[in-house]
Amino acid sequence: MGRQPASHGAEPLKVLVADPWKSVQKGSMDETRTRPAGSGGATRVGRSLAVVAALLAVTALASVGGAAAGVADDARTGSVEGGIEAGTTASGEWATLDGGSHDSGDAEVVDDGTYFIGQVLWTEAFDPGDDVTLRRADGTLVTEVPVGEDGAVTLQTSSRVPGKYVLRSPTGPEIGFELVTQEFRVSAPPSVASNGTGTTATFLVESNREQYRQVVASPQLSGAELASLFGAGNRTDVDDDGEEELVLDGGIETELTADFTGFDPGTYTFTFDVADAAATDSVTVEVLGDEPGRAFFVSESGVVVEERGDVVRIPLAFENAERATLTVGSDRTGWAVSMTVVDADDDGAVAVLFNTDLAGRVEDPALAFEAAGGDRVESVTRTAGQPFSDPDRRLAAGAYPLFLSVEGEGSAVATIQLREPDAVDRSVRVAPAPARLSERAVVENATAGNLPVGSNVTVATGDYAVVELGIAGVFGALAVADDPSDTPAGVSLRIMEVGPNRNDEADTVDPRNFSIVPLPRSNMILLVADAGHPDFEENTTYQVSLTVTRDNPYVDTTVSRSANFRVVPRRVSVDAPDDGVRVSAVEDGTIGGTTTAADGTRLAVTVRSDGTGADDAQPFLRSKTVVVEDGTWSATFDFSTVPTGQEFTVVVAGAGTPARADGVVTRPPAVRIEDQTPTNPQIVTVEHARLPEGGFVTVHDASPIGRESSTVLGSSGYLPPGDHVPVRITLEKPLAEDVELAAVVHRDTDRDRRFDFVRSGGAVDAPYAVGGDPVADVAQVSIGRTPTTTPGTTGDAVTPTATATPTEDPTTLTSTPTETPTGTPTETGTTTADGSGDGDGAPGFRSVVALLAVLVAALLGIRRRQRQ
């Protein structure tokens, strides 16, 4: 006979929980819960020391403080009545155990201990007659604490608030401890079946405490029924009300499986209490009765779309049933099949696979249907149409109705929409994949679209060559092929060497060297091969060609697609000019390079210095693992404490022969621009720029500084590594009004000595950065006269000044003005691309004045003003 819930006139369980996620403090243990009528009346939620002792006795588990099992209710001073402890102090918070016994305590309080509110704490650290007080950590008195004849103290914490406390005695020890709230939450499905499928439910108990005991009670179920439901725990009358509860272990995250098979329909309420702490929660589960079973199609639109010749996947779901009748097609379509679908693994889901290439042309329709996984398709019967007499004929495109019924009752309808395979673009694309991945991971990345596919790519030896064939109308034939490399009728796949010597015959690669993975749901076939296979030669290009001819029953015209991939040696390099790697003495000094290895490859970058190159140099060894992206790698190290001029060596491993390069630490990048009123509103002067690795000096709109390519107003030509003073920039357009401008220094990241920051949308020749911010300076530029356009000037055509001479010693990157022979009025300012000077008619004189101004400023130690 099934278990009866208390929904038939009984009062449901009441739990005083304001927020089910927050634990409940049972102050003075006054909160109550109510059982249904006739269940023994009201009982206290809070359990006294004697109740906890009884629990420990039944479960035979020692408490944290070593409490023994079997302690009687009268084990301490006074007796226990109705769950309220008699014999407590006036405050009702403290009591001493008779004879100093602490068997009923939950935990021994020790210095620096952490305990949960609601636990009963004890200690024997004091002597009889000690004046013991409980105080806050700041010394505030909470209460006086009585001490037993043997020095034992028992502390009830249910009415305390979280925080740090101290037990203190002038003549005894001082014990500091912390009380915290135990978080406690229980969740369960809102409903469950009493028979058939879906009879089990998972209760999830979450807490911030690793180990504790939880007491489960229900007004609708006895302790024995609870034990049967959860299949675990110990039954005991925890609160001494004549009815048993269930005691279970608890932790940070505990899953309890409840099997409701045979339980009567209705609503069941479950209360979970922590045995020794003020934490409780409850959940309600509705048990559904013998509702009619049903099955339905798992499709948001009710339409399953697939191409002719492929395998249609028909997902079904079951409720309170394990079998249903599925009909595909109808009399109006001229073809129909009926079958029984069995949810054999009892998971409430079945996927029916319908091979449209076989359907209609085989005598036995069962050959065209099967179920995925452990489920079954049985009793497949043709109900309309006959097998096609023409062996090349296939099911026509169009809509085919689907109908589901359970025990003769209609349950759901849907539609299969068969399309022509031409609706899917046939394609061939190739991608490299890193060797560190497994073949399964490669397939998962390809399916998710995470590989950089293309029609002409390079693959390093040792990496995977991944070929993606986009195609439809072939998966039905592949599903019944003996070998995945057996191509369907009219479909050919060829992998051939491209461009051999004129008298050599082009080599072909057997597709069976690849792992062939059909992905019908993605209309894709993957071919995965190790590019280090003996059939592949380094520095050789291979073409993958896919051809579908009219011999295929699903095409009217021949279709051909191809893509190339080139197998190259596995190499890695370090970006460095002729004089080696140059890294600024900053926190985010960056070293980078290129590699032929696939994106996602992990490289180990090591920077080592023996302490040479600078007087105060210190040896160091630093390593970092980086990931290849877009064929490049970069590693950032903190060089801010490394002396300028110290030399080091970079080693990069993980992609063939390790790459090595020598480097030196240079002064950080810098730039300075002063407020100015140029005579030519199209020319702006940058007083000083330091480019440790060479690059460009640019002028930007001041907001945002240097971050957007659209803000660039003009740029210098390429400047070699070193300091440059001054640098004059010709803007693309003359200034029309007073404006705040920013001078920014940029790297030549692609090392082509052309400023490509604007053309690349900011992807190339990015600004030097310190701490993640562009190296820039801001100045106010005023217009002193009507703007005029300087003919023939461009934004990147300015050359460095003749006096900007970078020194080779990175510790003293300064500029030495070029000596001018007496009587020779040589221009010492920046020259524009068209050879013009300042545009004021006296270039020699104004350049000398400018140079003198720079020297005077240096001698006077003028410090650049702080700009807002």
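Relevant structure appears above.
Residues numbered from 1 in each chain as written. Predicted model: local features only at pLDDT ≥ 70, side-chain atom pairs only at ≥ 80, totals over all residues. Heavy atoms only, no water.

Let us look at the side chain of S338. Take S338: it is sitting in strand β27 (residues 335-342). The exposure class assigned to S338 is buried, which follows from its relative accessible area of 18%. (Helix = DSSP H or I, 4+ residues; strand = E, 2+ residues; numbered from the N terminus. Buried < 20%, exposed > 50% of the residue type's maximum accessible area, 1.4 Å probe, protein only.)

With that settled, consider the pairing of strand β31 (residues 398-406). By the bridge criterion, four bridges tie strand β26 (residues 323-330) to β31 in an arrangement that is antiparallel. Each residue of the ladder has a partner; that of T325, found in β31, is S405. With nine bridges joining them, β31 and strand β32 (residues 409-419) adopt antiparallel strand pairing. For L404, the partnering residue across the bridge sits in β32 and is A412. In textbook terms, the turn of a hairpin is the stretch between consecutive antiparallel strands, and for β31 and β32 this stretch comprises two residues, one of which, E407, has a positive phi near 50°. (Pairing = 2+ DSSP bridges.)

Looking now at helix α2 (residues 223-230). Listed as buried for α2 are G223, L226, A227, L229 and F230. Down the axis of α2, the smallest arc covering the buried residues is 160°, so these residues share one side. Here the buried face of α2 lies against β16 (200-207), β17 (212-217), β18 (234-236), β19 (245-250), β20 (253-259) and β21 (266-274). G231, located one to two residues past α2, shows a positive phi value of around 65°. (Arc of directions from axis to C-beta. Contact = heavy atoms within 4.5 Å.)

Taken together, the side chains of E108, E124, E149 and D150 make up a negatively charged region of the molecular surface. Mapped onto the elements of the fold, E108 is located in strand β6 (residues 107-108). (Patch = residues over 30% accessible without salt bridge, like charges linked within 9 Å, V, L, I, M, F, W, Y side chains within 5 Å. Areas by Shrake-Rupley, 256 points an atom, 1.4 Å probe, with all protein chains shown as cover. Salt bridge = Lys/Arg side-chain N within 4 Å of Asp/Glu carboxyl O. Lys, Arg positive; Asp, Glu negative; His and termini not counted. Charge placed at Lys NZ, Arg CZ, Asp CG, Glu CD.)

Our next topic: the packing of aromatic side chains. One pass over the structure, following the stated rule, counts 24 aromatic pairs. Here the aromatic cluster, defined as three or more aromatic residues joined through ring pairs, consists of F203, F230, F260, F263, Y268, F270 and F272. In this arrangement the basic side chain of R393 is found over the ring face of F388, its NZ or CZ atom lying 4.0 Å from the centre. Just above the ring of F639 sits the side chain of R622; from NZ or CZ to the centre is 5.9 Å. (Phe/Tyr/Trp six-rings, centres within 6.5 Å; stacked < 30°, edge-to-face > 60°. Lys NZ or Arg CZ within 6 Å of the ring centre and 35° of its normal.)

So, on to unusual backbone geometry. The omega torsion across V725 and P726 is -25°, close enough to zero to call that bond cis. Summarising the element assignment, P726 is placed in the loop between β55 (722-724) and β56 (727-730). Residue N523 is not a glycine yet carries a positive backbone phi of 50°. Topologically, N523 is positioned in the loop between β38 (515-519) and β39 (524-530).

Moving on: the sheet that holds strand β49 (residues 659-666). With respect to topology, five strands assemble into an open sheet ordered β43-β49-β48-β45-β46, the strand pairing being mixed. Among the strands making up the open sheet, the edge pair consists of β43 (581-584) and β46 (620-627). Put simply, the sheet's adjacent strands are angled 30° from each other on average, direction ignored. With five bridges joining them, strand β45 (residues 602-609) and strand β48 (residues 647-653) adopt antiparallel strand pairing. The residue bridging V607 from the neighbouring strand is V650, located in β48. (Axes fitted to C-alpha atoms, helices over the stretch in contact; angles between N-to-C directions.)

Quick look at the side chain of E307 now. Structurally, E307 is set in strand β24 (residues 303-307). By relative accessible area, which is 2% here, E307 ends up buried. Looking at E307, its side chain comes within polar contact range of the side chain of N523, at 3.4 Å. What E307 contacts, discounting residues up to four positions off in sequence, is T356, L418, R419, E420, P421, V424, A472, G473 and N523. (Polar contact = N/O pair within 3.5 Å; in protein donor to acceptor, adjacent residues only side chain to side chain.)

Looking now at the nonpolar core. By size, the foremost hydrophobic cluster in this structure holds 36 residues, and its most contacted members are M339, V352, F354 and F369. The contact partners of F369, leaving out residues within four places of it in the chain, are V328, W335, V337, M339, V352, L353, F354, V377 and V380. In this structure, F116, A201, Y212 and F260 belong to the second largest nonpolar core, which totals 29 residues. (Core = buried A, V, L, I, M, F, W, Y, C linked by side-chain atoms within 4.5 Å.)

The strand order across the open sheet formed by three strands is β50-β52-β55, and the pairing between neighbours is antiparallel. The open sheet is flanked by β50 (670-672) and β55, the only strands paired with a single partner. This sheet shows a mean twist of 15° between the axes of neighbouring strands, independent of strand direction. As paired strands, strand β52 (residues 688-691) and β55 are joined by three bridges and run antiparallel to one another. Each bridged residue has a counterpart across the sheet, and for L691 the counterpart in β55 is G722.

With that out of the way, let us pick up the layout of surface pockets. Reported here for the second largest pocket is a volume of approximately 710 Å³. Forming the boundary of the second largest pocket are 28 residues, of which D575, T590, G592, S634 and T749 lie nearest the centre. At the level of elements, β43, β44 (589-595) and β47 (632-637) are the ones that each hand at least two residues to the lining of the second largest pocket. Counting residues per element, the lining of the second largest pocket draws most heavily on β44, which supplies five residues. Tallied by class, the residues present in the lining of the second largest pocket amount to ten nonpolar, eight polar and ten charged. (1 Å grid on protein atoms, 1.4 Å probe; cavity = no way out; pocket = protein on both sides within 12 Å on 5 of 7 lines; lining within 4 Å. Points joined across faces, edges and corners; volume = space filled by probe spheres on them. Nonpolar A, V, L, I, M, F, W, Y, C, P; charged D, E, K, R; others polar.)

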